[in-house]
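# What the coordinates show
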Amino acid sequence: MKILVTGGAGYIGSHTCVELLNQGHEVVVLDNLSNASEIALERVKEITGKDLTFYKKDLLNIEDINDVFENETIEAVIHFAGLKAVGESVAHPLWYYENNITGTLNLCKVMAKHDVKNIIFSSSATVYGTPEVVPIVEDSPLSTTNPYGSTKLMLEQILQDLHVADEAWNVVILRYFNPIGAHHSGIIGEDPKGIPNNLIPYITQVAVGKLDELTVFGDDYDTPDGSGVRDYIHVVDLAQGHVDALKRLNPNDGVSIYNLGTGQGYSVLDMVEAFSEVVGKEIPYVIKERRPGDIATCYAQADKAKREIGWEAKKDLKTMCEDSWRWQSNNPNGYGE
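Scanning the entire structure with this criterion turns up twelve salt bridges. In this structure, E42 engages K45 in a salt bridge whose closest nitrogen and oxygen atoms are separated by 3.4 Å. Taken together, the residues span about one helical turn, with E42 and K45 both in helix α2 (residues 38-48) at a distance of three residues. One salt bridge connects K45 with D51, and the closest N-O pair in it is separated by 3.5 Å. Through salt bridges that share partners, E42, K45 and D51 make up one connected network.

Further remarks concern the sheet that holds strand β11 (residues 255-260). Strands in a sheet are paired, the pairing made by backbone hydrogen bonds, and the direction either parallel or antiparallel. Here we have seven strands laid out as an open sheet, ordered β3-β2-β1-β4-β5-β6-β11, and parallel in their pairing. If you trace the sheet from one side to the other, it starts and ends with β3 (53-56) and β11, each paired once. The mean inter-strand angle of the sheet, taken between neighbouring strand axes irrespective of direction, is 20°. Against the sheet, helix α6 (residues 147-165) touches β5 (118-124), β6 (170-176) and β11, its axis set at about 155° to β5. Contacts from helix α8 (residues 235-245) reach β4 (76-79), β5, β6 and β11, with the element oriented near 165° to β6.

Turning our eyes to something else, we now look at the nonpolar core. Counting residues in each nonpolar core, the largest one holds 42 residues, and the members touching the most others are L20, V27, I120 and L174. When residues of this core are assigned to their parent elements, the largest contribution, six residues, is made by helix α1 (residues 11-22). Once residues within four sequence positions are removed from consideration, L174 is found in contact with I120, F121, S122, S123, S124, G241, H242, A245, Y258 and L260. One finds L30, I65, F69 and M111 within the second-largest nonpolar core, a separate group that totals 24 residues.

We now examine empty space enclosed by the protein. If you walk through the whole model with that rule in mind, you get three cavities of 30 Å³ or more. What the largest cavity holds in volume is close to 50 Å³. Going through the elements one at a time, α7 (199-207) and α11 (317-330) are the ones with two or more residues in the lining of the largest cavity. Class assignment of the residues belonging to the lining of the largest cavity gives a composition of three nonpolar, four polar and one charged.

Note: most peptide bonds trans; most residues except glycine with negative phi. With an omega dihedral of 0°, the bond running from V134 to P135 counts as a cis peptide bond. Checked against the element boundaries, P135 lands in the loop between β5 and α6. We note that D115 has phi near 55°; this positive angle belongs to a residue other than glycine. Mapped onto the fold, D115 is located in the loop between α5 (93-113) and β5.

We now examine the pairing of β6. Burial runs high along β6: seven of the seven residues are buried. The side-chain alternation of β6 yields two buried faces, one formed by N170, V172, L174 and Y176 and the other by V171, I173 and R175. Once you follow β5 into α6 and on to β6, the crossover reads as right-handed. When β6 meets β11, the two strands line up parallel, connected through six bridges. Each residue of the ladder has a partner; that of V171, found in β11, is V255.

Parameters at a glance
- The residue numbers shown here count from 1 along each chain, following its written sequence.
- A pLDDT threshold of at least 70 governs which residues receive local features in this predicted model, and a stricter bar of 80 or more applies before side-chain atom pairs are shown or counted, although totals over entire chains, interfaces and linings include all residues.
- Note that water and hydrogens are dropped before the side-chain values are worked out from all heavy atoms of the structure.
- When a carboxyl oxygen of Asp or Glu lies within 4 Å of a side-chain nitrogen of Lys or Arg, that pair is called a salt bridge.
- Helix and strand definitions follow DSSP, with helices as H or I runs of at least four residues and strands as E runs of at least two, each counted in order from the N terminus.
- Paired strands, as defined in this entry, are two strands with at least two bridges between them according to DSSP.
- Helix axes are fitted to C-alpha atoms over the stretch in contact, other axes to C-alpha atoms as well, and angles between N-to-C directions run from 0 to 180 degrees.
- What makes two residues a contact is simply this: any of their non-hydrogen atoms within 4.5 Å.
- Within this scheme, the nonpolar core is defined by two criteria: the residues are buried Ala, Val, Leu, Ile, Met, Phe, Trp, Tyr or Cys, and they are joined through side-chain atoms within 4.5 Å.
- Residue exposure (1.4 Å probe, protein chains only): buried if accessible area is under 20% of the type maximum, exposed if over 50%, otherwise partly exposed.
- Definitions used for this entry: grid spacing 1 Å over protein atoms alone; cavity, a set of points where a 1.4 Å probe fits but cannot get out; pocket, an open set with protein on both sides within 12 Å along at least 5 of 7 lines; lining residue, one with an atom within 4 Å of a point.
- Grid points are joined across faces, edges and corners, and a volume is the space filled by probe spheres set on the points.
- Think of it as three bins: nonpolar holds Ala, Val, Leu, Ile, Met, Phe, Trp, Tyr, Cys and Pro, charged holds Asp, Glu, Lys and Arg, and polar takes everything else, Gly as well.
- Look down the strands so they point away from you; if the path from the first strand over the helix to the second goes clockwise, the crossover is right-handed.

This is the structure in structure tokens:
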């Protein structure tokens, strides 16, 4: 199958390209490189020994998208491209709404024009807002606490409405929890621009000496140690979830929604301790006030994904930390070297 991966040069996108190529799919990547590097795609080719096609294009430009569909016989789309930082979305909501909503609307318009109606959408556990009960299941109440989460929830609704209007649309919505880790080769991984918004690249950059200390946002949540609890999932497991989700892109499958997580919650301070053990030294940190839009506890129940698409997370916390550290220590400046 020839698959368009939007945002395919990014962290999750590049790892998904590896899994797709390894399983015999043809891969076309569309990415504007605003938070990614083309070097990642060269390393995807190195890992797999296979080629892919790259277009430096922007979803906000509908003609850019059309050019890709005019030149490639796309059969399905895996849609990662979008802005993704909770705190940043609180500070810049209009930027997030314009980029994430408009970009996806443009993509869907061009897909419809070319009669490509198979899409796997990169959603988020943020659509569950502040969960009433954990672990979270797919039919838990939906709400949001920040603009980033709101864009994901709105886009889920848009995609479901597309199917209601035209049953030829096959939609898989994947609600991620917290991806960490890197490919075991250590040559692709998470490379955020500027100060990281996510926990693990922040920890690894402290460990490698790029940053002086980790900032822990809040130690007064209603959790065992006061820091936020999340479901951390290895990025390779997450990438495999997208390949498994292709099984649901069949006529009359309609809309399928899956949590992708481990079902295990770890606090921020748990992660600091686990990573310190892998690195062999203490990770210095400082406690600061909570970030706007953050919640106390969020972890998944992913039984539905195992039951319907045969997916489950396999890699443990130690492996996640080891792979993150291998990537960062081998590439202290990310793809900038």
